[in-house]
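Examination of the molecular architecture
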Amino acid sequence: MIKELITDLAFDKITLNQALTRAKLIAGMIKNETFKQWLSKELSGYTFEDPLLPEYRLIFAEITLTAEFPFGRFHSFPVILGEREDKLDKLLNFHRVIEPISVIEYNILEIKEGTATIHLNGGAVHMVSKLYNEQVRSQGGVIRSGKRIIGKNQLVNIVELTKQKLIDILQELEEEFPDLETKYVMNEDNKEKAQNIITNNIYGNNNPLNVAAGENINQGNITQTITINEIEKLKDLGVEEIAIEELKKIDEENPKGSPERKGKIMSWISSVSASFVSRGLYDNIPHLVEFVGNLI
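Please read all numbers here as calculations on a predicted model, not as lab measurements.

**Thoughts on the environment of I231**
Within the secondary structure, I231 is located in helix α12 (residues 228–237). C-alpha of I231 to C-alpha of E241: the two residues are 10 residues apart in sequence and 9.5 Å apart in space. Once residues within four sequence positions are removed from consideration, I231 is found in contact with I226, I244 and K248.

**Things to note about the pattern of salt bridges**
Overall, the coordinates contain 12 salt bridges when judged by the stated rule. With a shortest N-O distance of 3.6 Å, K36 and E33 are connected by a salt bridge. Taken together, the residues span about one helical turn, with K36 and E33 both in helix α3 (residues 33–44) at a distance of three residues. A salt bridge links R144 to E68, with the nearest nitrogen and oxygen atoms 3.1 Å apart. One end of the pair, R144, is in strand β6 (residues 142–151); the other, E68, is in strand β2 (residues 63–69), and 76 residues separate them in sequence. One salt-bridge network, in which partners are shared between bridges, spans E176, D189 and K193.

**Remarks on the packing of helix α2 (residues 16–30) against helix α5 (residues 101–110)**
Close contact between α2 and α5 brings their axes to 9 Å; oriented N to C, the two are set at 165°. In terms of orientation, α2 lies roughly antiparallel with respect to α5. For the pair α2 and α5, the sense of crossing is right-handed. Residue-level inspection shows L16, N17 and L20 of α2 in contact with α5, the latter providing I101, S102 and E105. Of the residues that constitute the contact of α2 with α5, the class distribution is three nonpolar, two polar and one charged.

**Overview of the confidence of the model for the protein**
Summary statistics for the protein give a mean pLDDT of 83 and a share of 86% for residues scoring 70 or more. In this model residues 209–224 is a low-confidence stretch, pLDDT under 50, and it forms 22 contacts with partners more than four residues away in sequence or in other chains.

**Structural notes on the environment of L16**
Examined against the element boundaries, L16 turns out to sit in helix α2. Each C-alpha atom of the pair L16 and T162 lies 8.2 Å from the other, and the pair is 146 residues apart in sequence. Sequence-distant contacts of L16, that is, excluding residues within four places in its chain, are made with L9, I101, E105, V159, T162, K163 and L166.

**Remarks on the nonpolar core**
Core analysis: the largest hydrophobic core is formed by 43 residues, its most contacted members being L20, F35, W38, L39, I104, L166 and L173. Of all the elements in the fold, those that place two or more residues in this core are α1 (2–10), α2, α3, α5, α8 (152–176) and α10 (188–203). In terms of residues, this core owes the most to one element, α8, which gives eight residues. If near-sequence neighbours (up to four positions away) are discounted, F35 is found in contact with A23, A27, I30, L166, I169, L173 and I198. Of all hydrophobic cores here, the second largest spans 37 residues; its members include A67, L234, M266 and V292.

**Digging into the environment of S273**
Note that S273 resides in helix α14 (residues 261–279). In this structure S273 comes out as buried when scored by relative accessible area, which is 0%. Taking C-alpha positions, S273 is 8.9 Å from N284, a pair spaced 11 residues apart along the chain. Setting aside residues up to four positions removed in sequence, S273 forms contacts with L91, I285 and L288.

**What to know about α12**
Among all positions of α12, only I231, L234 and L237 are buried. For α12, the angular spread of buried residues about the axis comes to 115°, placing them on one side. Those residues of α12 that are exposed and angled more than 90 degrees off the buried face are I228, N229 and D236. Of the residues one or two after α12, G238 is the one with positive phi, at around 110°.

**Details of the pairing of β2**
With six of its seven residues buried, β2 lies for the most part within the structure. Where β2 folds back onto strand β3 (residues 73–78) in an antiparallel hairpin, the turn is made up of three residues, including F71, whose phi is positive at roughly 65°.

Cut-off values and rules
Residues numbered from 1 in each chain as written. Predicted model: local features only at pLDDT ≥ 70, side-chain atom pairs only at ≥ 80, totals over all residues. Heavy atoms only, no water. Helix = DSSP H or I, 4+ residues; strand = E, 2+ residues; numbered from the N terminus. Contact = heavy atoms within 4.5 Å. Salt bridge = Lys/Arg side-chain N within 4 Å of Asp/Glu carboxyl O. Axes fitted to C-alpha atoms, helices over the stretch in contact; angles between N-to-C directions. Parallel < 35°, antiparallel > 145°, perpendicular 65-115°, else oblique. Left-handed = near helix turned anticlockwise from the far one by under 90°. Nonpolar A, V, L, I, M, F, W, Y, C, P; charged D, E, K, R; others polar. pLDDT = per-residue confidence, 0-100. Core = buried A, V, L, I, M, F, W, Y, C linked by side-chain atoms within 4.5 Å. Buried < 20%, exposed > 50% of the residue type's maximum accessible area, 1.4 Å probe, protein only. Arc of directions from axis to C-beta. Pairing = 2+ DSSP bridges.

Now the structure itself:
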């Protein structure tokens, strides 16, 4: 089963969507939840706030805003972040590609030119326009719309990376368990081997599941920096309890000075900011960014 799937996928005899679907049978054999969830999300799509959205689905896509001025004048300009707003970089300059792989494959076929346009919804335009409202209004203008430009090759890259990750997982599983279909034994040792193969190939060095996969953490170096008063401030801003617990965990497991702390906190603020937008809490985002900036 695995050999046939690897061959069919490597020689483009089937689509990636079909390969991911067939791989669900293998995930069922080894009973690995991480593999099952990854396959399910690649096939059905991710939620915007999913903390496990893989890095390869985060693509650079600069925002362009369009302002309307008196006498029918329009002016479009890119969003450029200064030093004070650099903590918003991941939220504003990167697009989270959450669509199912079948939709991405379809969009690749539909994009005739080299790029495609994603129009921002009203909430997103309102949030981003706050960076320029004072300047635009001083000239009698108002920001009406915004968009992102994504390259067709960026979508192709997502498909290719997903394809290579799946092939690598299947090849390593076949090498580690050559009799998977007939003699696989569900014991702790095999479960850990399969878990490491899957998480390392999907998430690599940015693996958010390293603890589950058995990576050692030096508890002696952990120093928590979030106080009770700061937790109350987060609640006042509108941060939900589950998100606060996630931040506390990041803070505990990645003390100041650790290499992964900034990346994990930036991913957290991206997710929480998206939640704020969906709930209309636009004015709270700058305060959240300022708060989190002190933790990095």
